[in-house]
Amino acid sequence: MKNIGWDGPVVEKHRRLPVKLSDKVAQNILYAAPMVASSSLFTPIYIVQGIYAKHYGLALTTIASVILFVRLFDAITDPIIGYLSDKSRIKRKTRKPAIILGAIVLVISGYFLYSPPHDVGVLYFTFWFMVFYLGFTLFQIPHLAWGGEISHGTHEKTQTYTLRTIAGYMGVGMFYSIPLLPIWETSEINPDTLEFSAIVSGLLMLPLLYLCLRRVPDGSCYIEEKSSVDNPGQNTIVEIRSTIKNVIHNKPMFIFFGAFLFAGGGLGMWIGLYFIYVDAYLGMGDVYAEITLMAVVAGIPGAFIVLKIAKGLGKKPAWLMTMLLAVAAFLYSGFLSPSNTGYWSLMILLIAITLSFICVESLPQSMLSDIVDYSTWKFRTNRGSTYFALYMFIYKAALAVGGALGLAIAGWYGFDPTSTAQTESGITGLKLAMTWVPILLVVISMIFIVLSPITARRHGIIRRRLEAIEARSKAEDGKPQALGQDATETLLTTY
């Protein structure tokens, strides 16, 4: 392996930026800000299938096939984009150009996906669905990896990714506030509100992205020396082989992804059917946007409580607690029906789910950033985007399979979202896909969470080793000396 240096010159440049590196909260807020617009654009993706079925006449089974195809294709592109993002980081010493490209594609595709022509067909839906996920991936993966490069300590990472997730749910709240504006005749989500939200989100992306890119530093990470940068074509095969080897020998990563494979499948089944569940089954589509908005507002403060729990007890216990909350919410949804569901019962359900989803995003992202540090220490090279790309791959693939499976089960049992009266068989299929199967998958994911080996103490050891490498690289003019293994390193190499 070629010598590895720490990206020192970029750190010097960051000292001139308006946001002081010591002001972590301000820096993290600016880093998270574009997620408001990005999330506002992404939120309707879980509703758009119901809109296309109800307002444009596409069959549930057809939509399920499209979703499965597009999201599996999207999941396959994630590792490629992650690898290219890391390669760009090495060459340009920044992830910002990739984030800009992703934001542009996301805004344009979001508008066309959410404002289709009245005679829209399957090909239109499939094409813009694919481009939309491509844009989201181009934006999301480098932005996720960037968060781990501007925050080093395990609790700092948790704060960074929690604020990032909260900003995303502010975007969720913004989307669901749009149908409640007095300019509409109804508070239901329909094609008009979807189009309006896409325009507002796209315009909001411009100033938030500018502030983020202008004032947040690039952060520090390992870069490979001249052979990788000056001769990229010559070393591409070597880099790919090295990346694959690093991934294969990273046991903590496999345990982490095992948790997400099952958790994502269960969550995907539930969230993929929730809009149909509220609108077509419970008959409460007129309050869907209002309740969702209120649940987001109530759920965000809960995320700060979980942040404190994670700091006091650790990330694993906090993640397990949120998984238990998700299981309780799944059970609760299985016992609701049009005859016993009111405004507040639905509100309680959605607050629990919202808090679960906020924490299921922020805590695992912080844990994965710890795993990236472990990989950087063990293999002496940074592959942040690659690991977050694999994270997105597992998560999206699981959500895709789960979402498609949930729709398919409901359809197979005869549930019809265009009908005002459902059969007993259809209701059974809906609740099977939203309650019992998701609970089973989430319980399996909790076993993997318990087995996760990187604790706060072990991550502290890793960070000290990385900081030692950084200090030695500066002392040796960017050429770090080899580090000897001591007792503290031995407990890490076993993984």
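Residues numbered from 1 in each chain as written. Predicted model: local features only at pLDDT ≥ 70, side-chain atom pairs only at ≥ 80, totals over all residues. Heavy atoms only, no water.

> Mind laying out helix α5 (residues 60-92), listing which residues take part and the relevant values?
Between the first and last C-alpha of α5 there are 45 Å, a value that for 33 residues agrees with the 48 Å anticipated at 1.5 Å per step. One or two steps after α5, the chain reaches K93, where phi turns positive at roughly 60 degrees. (Helix = DSSP H or I, 4+ residues; strand = E, 2+ residues; numbered from the N terminus. Expected span 1.5 Å × (residues − 1).)

> Any chance you could break down the nonpolar core for me, citing the residues and the numbers?
In terms of nonpolar packing, the biggest core is built from 145 residues, with Y274, Y277, W319 and Y391 touching the most fellow members. The greatest single-element share of this core, amounting to 19 residues, is contributed by helix α15 (residues 343-379). Ignoring any residue separated from it by four or fewer positions in sequence, one finds Y391 in contact with L144, F256, F257, F260, E361, Q365 and L368. (Core = buried A, V, L, I, M, F, W, Y, C linked by side-chain atoms within 4.5 Å. Buried < 20%, exposed > 50% of the residue type's maximum accessible area, 1.4 Å probe, protein only. Contact = heavy atoms within 4.5 Å.)

> Let's hear about the confidence of the model for the protein chain: which residues, and what values?
Residues with a pLDDT of 70 or more make up 86% of the protein chain, whose mean pLDDT is 80. Here residues 1-22 is a poorly scored stretch, pLDDT under 50, and it has 48 contacts once near neighbours within four places are set aside; other chains count. Counted against residues more than four places away or in other chains, residues 478-494, with its pLDDT under 50, gives 35 contacts. (pLDDT = per-residue confidence, 0-100.)

> Can you lay out the pattern of salt bridges for me, pointing to particular residues and giving the numbers?
As enumerated under the stated definition, the model contains five salt bridges in all. The closest approach of N and O atoms between R95 and D86, which form a salt bridge, is 3.1 Å. Overall, the relative accessible area of 3% leaves R95 in the buried class. What makes D86 buried here is its relative accessible area of 3%. One salt bridge connects K96 with D218, and the closest N-O pair in it is separated by 3.9 Å. (Salt bridge = Lys/Arg side-chain N within 4 Å of Asp/Glu carboxyl O.)

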